[in-house]
Amino acid sequence: VLEQTVGILRDWRLDPTTARMRLAVNISTRLLESTDRRIAETLHEALKRHQLKPEHLELEITETALLQNPIAASEAVRMLAAEGFHVAIDDFGTGYSSLEMLRHLPVHKLKIDQTFVRNIVNSPEDQAIVQSTITLAHGLNMTCLAEGVENAMQRACLMELGCDQFQGYLCGHPQDLETFAGLLVDPRVPCTSAEPINLAEWSMTHEHGASI
């Protein structure tokens, strides 16, 4: 999967319209808990074959994976971030992670689990959790992304709370590679723009997703 992913990313980055793409990939718990440098070696070998750099990949690690073996996982995250990879914590809020651990991890993004987004419009409790997570992320110099956004009311609520990005069916359903690639040449898609995103037009950054 990793080999196919970086191969596709290299093709996209050769195209001027998608040259600024960064692609997110999920890292398995088993690979994350490896006590040797296998995870870094695996990633670097794949990148070298396709003439890519670590900063071209964002590595998504679930909060649950961090908690299963916090010492090994924390060491892996620090190593990967030090080597230039972007690191995101996926499904944040479901694993009750230690704030002490989070404070010392070089993470670039927190992704709020969709269970807290689903009823955000009508649930003051979920709003409070999301607001706290956004504040936490920004306080630690991280980007905050909300998962599972399916309608404009959810997005409006997240905008008001100060969330940076969203993903979900409001943005787009899983698509085959050819269909998704067509989106990348659309000048309205923020990731293809060489200029800063017009916040008046977009308000929140979209995250498009393709199933490979």
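Residues numbered from 1 in each chain as written. Predicted model: local features only at pLDDT ≥ 70, side-chain atom pairs only at ≥ 80, totals over all residues. Heavy atoms only, no water.

Enquirer: Describe the overall build of the protein, and please don't skip the residues or the numbers.
Expert: Secondary structure assignment for the protein yields 10 helices and seven strands. Excluding contacts between residues fewer than 6 apart, the proportion of contacts in the protein whose partners are at least 24 apart in sequence is 65%. When the accessible surface of the protein is totalled, it reaches about 11200 Å², and 51% of it is carbon and sulfur. (Helix = DSSP H or I, 4+ residues; strand = E, 2+ residues; numbered from the N terminus. Contact = heavy atoms within 4.5 Å. Areas by Shrake-Rupley, 256 points an atom, 1.4 Å probe, with all protein chains shown as cover.)

Enquirer: Before we move on, could you go through the pattern of salt bridges and cite the residues and values that matter?
Expert: In total, this model carries five salt bridges according to the counting rule given. Here Glu3 ties to Arg49 by a salt bridge, and the two come within 2.6 Å at their closest N and O atoms. On the criterion of sequence distance, the pair formed by Glu3 in helix H1 (residues 2-14) and Arg49 in helix H3 (residues 38-49) is long-range, its members being 46 residues apart. Here Glu3 falls in the partly exposed class, since its relative accessible area comes to 35%. Across the pair Lys111 and Glu60 runs a salt bridge whose closest N-O atoms are separated by 2.7 Å. Here Lys111 is found in strand E4 (residues 109-112), whereas its partner Glu60 is found in strand E2 (residues 57-62), with 51 residues between them in sequence. Glu60 carries the same exposure label as Lys111, and that label is buried. Residues joined in a network through salt bridges with shared partners are Glu60, Asp90, Lys111 and Glu147. (Salt bridge = Lys/Arg side-chain N within 4 Å of Asp/Glu carboxyl O. Buried < 20%, exposed > 50% of the residue type's maximum accessible area, 1.4 Å probe, protein only.)

Enquirer: Talk me through the packing of helix H7 (residues 124-139) against helix H8 (residues 152-161); I want residue IDs and the actual numbers.
Expert: Packing of H7 against H8 brings their axes to within 10 Å, and their N-to-C directions diverge by 45°. With respect to H8, the axis of H7 lies oblique. The handedness of the crossing between H7 and H8 is right-handed. Side by side, H7 and H8 meet where Gln127, Val130, Gln131 and Ile134 of the first sit next to Cys157, Leu158 and Leu161 of the second. (Axes fitted to C-alpha atoms, helices over the stretch in contact; angles between N-to-C directions. Parallel < 35°, antiparallel > 145°, perpendicular 65-115°, else oblique. Left-handed = near helix turned anticlockwise from the far one by under 90°.)

Enquirer: Tell me about the packing of aromatic side chains, and please be specific about residues and values.
Expert: Enumeration according to the criterion identifies one aromatic pair in this entry. Taking 5.5 Å as the distance between ring centres and 55° as the angle between the ring planes, the aromatic pair formed by Trp12 and Phe180 counts as tilted. Here the residue Trp12 occupies a position in helix H1, and Phe180 occupies one in helix H9 (residues 177-183), the gap between them amounting to 168 residues. Note on Trp12: relative accessible area 9%, which makes it buried. Here Phe180 falls in the buried class, since its relative accessible area comes to 4%. (Phe/Tyr/Trp six-rings, centres within 6.5 Å; stacked < 30°, edge-to-face > 60°.)

Enquirer: A description of the environment of Thr133 should follow, citing residues and the corresponding values.
Expert: Mapped onto the secondary structure, Thr133 falls in helix H7. Residues Thr133 and Cys144, 11 residues apart in the sequence, show an inter-C-alpha distance of 7.9 Å. Not counting residues within four places of it along the chain, the set of residues in contact with Thr133 comprises Phe92, Leu110, Ile112 and Cys144.

Enquirer: Please set out H8 residue by residue, giving values where relevant.
Expert: Regarding H8, the residues found buried are Gln154, Cys157, Leu158 and Leu161. Taken end-on, H8 shows its buried residues confined to a sector of 100°, consistent with a single buried face. Where H8 is buried, its residues touch H7 and strand E5 (143-146). The backbone nitrogen of Met153 has a side-chain oxygen 3.1 Å away, supplied by the residue at the start of H8, namely Asn151. (Arc of directions from axis to C-beta. Polar contact = N/O pair within 3.5 Å; in protein donor to acceptor, adjacent residues only side chain to side chain.)

Enquirer: Please provide a residue-by-residue account of the confidence of the model for the protein, values included.
Expert: With 83% of its residues at a pLDDT of at least 70, the protein reaches an overall mean of 81. A low-confidence stretch, residues 190-204 stays under pLDDT 50, and its non-local contacts, those more than four residues away or across chains, total 29 contacts. (pLDDT = per-residue confidence, 0-100.)

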